[in-house]
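Here are the chains, one letter per residue:
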Amino acid sequence: MTSGLWELVLKGIWVTVQLLVFSAALAAAVSFVVGIARTHRLWIVRFLAGFYTEVFRGTSALIMIFWVFFVLPPAFGWQLVPMWAGTLALGLTYGAYGSEIVRGALSSVDPAQREGGIALSFTPWQRLRLILLPQAVPEMIPPFSNLLIELLKGTALVSVMGMGDLAFSGNLVRLALQESAEIYTYILLIYFVIAFLLTRVMRGLEKKLKAGLGRVPEGGGKKLPAPRPETTAVGAEAAGGR
């Protein structure tokens, strides 16, 4: 390929990375807000969170992109640029899947931990912040890693809006060179490299979080001693209330 075509591919990679970062940030925020809401004690909050999850899990991400880009803006008299339309559609869609990860991780925490927080007179917010989330977040990392990879692959859908992402740029190069096998092989390898790097980062984050709890992730390593109660956030909070 010529330098101009490689430049087009590099621009596509940059657009894909930007879209991935923005949509992943929105999906993470939605995941935690909706996932926590699904464990709320008020039934109406659980119902609304569950309704959102079912709607966005039950619709196609591609059709959601069409709807956000072509249907929603005219109804309000404005137009979204492709980057933000893609971010909104992908973030809301994958956030629905992520909310189930958050809900499941919070529900898996030993009920005795919640009872301990109640015994210490913690508010619901304190129990969530000091007891539940520190134990649940490390368990969320592996499924979130898979979801992030799926989100990366889902970014290729924005090419239907004419957005110059990696998939769109690769197709332009293919049309210019009339060479499908070579170009699509390059594109596959680029997606693989990005996914591999994301997996390494998420695995490192998982190890760091589990090490903070005195756990050893799969793969071995020396087990760390459990933290002393007075050195943990919960212990410090309890000690401060005495």
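Residues numbered from 1 in each chain as written. Predicted model: local features only at pLDDT ≥ 70, side-chain atom pairs only at ≥ 80, totals over all residues. Heavy atoms only, no water.

Turning to the side chain of Thr155, a few remarks are in order. Along the chain, the position of Thr155 falls in the loop between helix 6 (124-154) and helix 7 (166-177). If we skip the residues at most four places from it in the chain, Thr155 touches Thr16, Leu19, Leu20, Leu90, Asp165 and Tyr191. (Helix = DSSP H or I, 4+ residues; strand = E, 2+ residues; numbered from the N terminus. Contact = heavy atoms within 4.5 Å.)

Let us look at the environment of Ser145. Tracing the sequence through the fold places Ser145 in helix 6. Judged by its relative accessible area of 10%, Ser145 is buried. With 57 residues separating them along the chain, Ser145 and Met202 place their C-alpha atoms 6.0 Å apart. Every residue in contact with Ser145, bar those within four places of it in the chain, is listed here: Thr199 and Met202. (Buried < 20%, exposed > 50% of the residue type's maximum accessible area, 1.4 Å probe, protein only.)

Now for the packing of helix 1 (residues 3-37) against helix 6. It is at 11 Å that the axes of helix 1 and helix 6 come closest, and there the two elements cross at 140°. For the element pair helix 1 / helix 6, the angle class is oblique. As for the relative orientation of helix 1 and helix 6, their crossing is right-handed in sense. In contact with Thr16, Leu20, Ser23, Ala24, Ser31, Phe32 and Ile36 of helix 1, helix 6 contributes Leu128, Leu133, Val137, Met140, Phe144, Leu148, Leu151 and Leu152. Considering only residue class, the contact of helix 1 with helix 6 consists of 12 nonpolar, three polar and no charged. (Axes fitted to C-alpha atoms, helices over the stretch in contact; angles between N-to-C directions. Parallel < 35°, antiparallel > 145°, perpendicular 65-115°, else oblique. Left-handed = near helix turned anticlockwise from the far one by under 90°. Nonpolar A, V, L, I, M, F, W, Y, C, P; charged D, E, K, R; others polar.)

This part takes up the packing of helix 2 (residues 43-57) against helix 4 (residues 82-107). The geometry of helix 2 relative to helix 4 is characterised by a closest axis approach of 8 Å and an angle of 125° between their N-to-C directions. As summarised for this structure, helix 2 and helix 4 are arranged oblique, according to the angle between their axes. Crossing angle aside, the handedness with which helix 2 passes helix 4 is left-handed. Contact with helix 2, carried on its side by Tyr52, Thr53, Phe56 and Arg57, involves Leu92, Thr93, Ala96, Tyr97, Ser99 and Glu100 of helix 4 and no other residues of that element.

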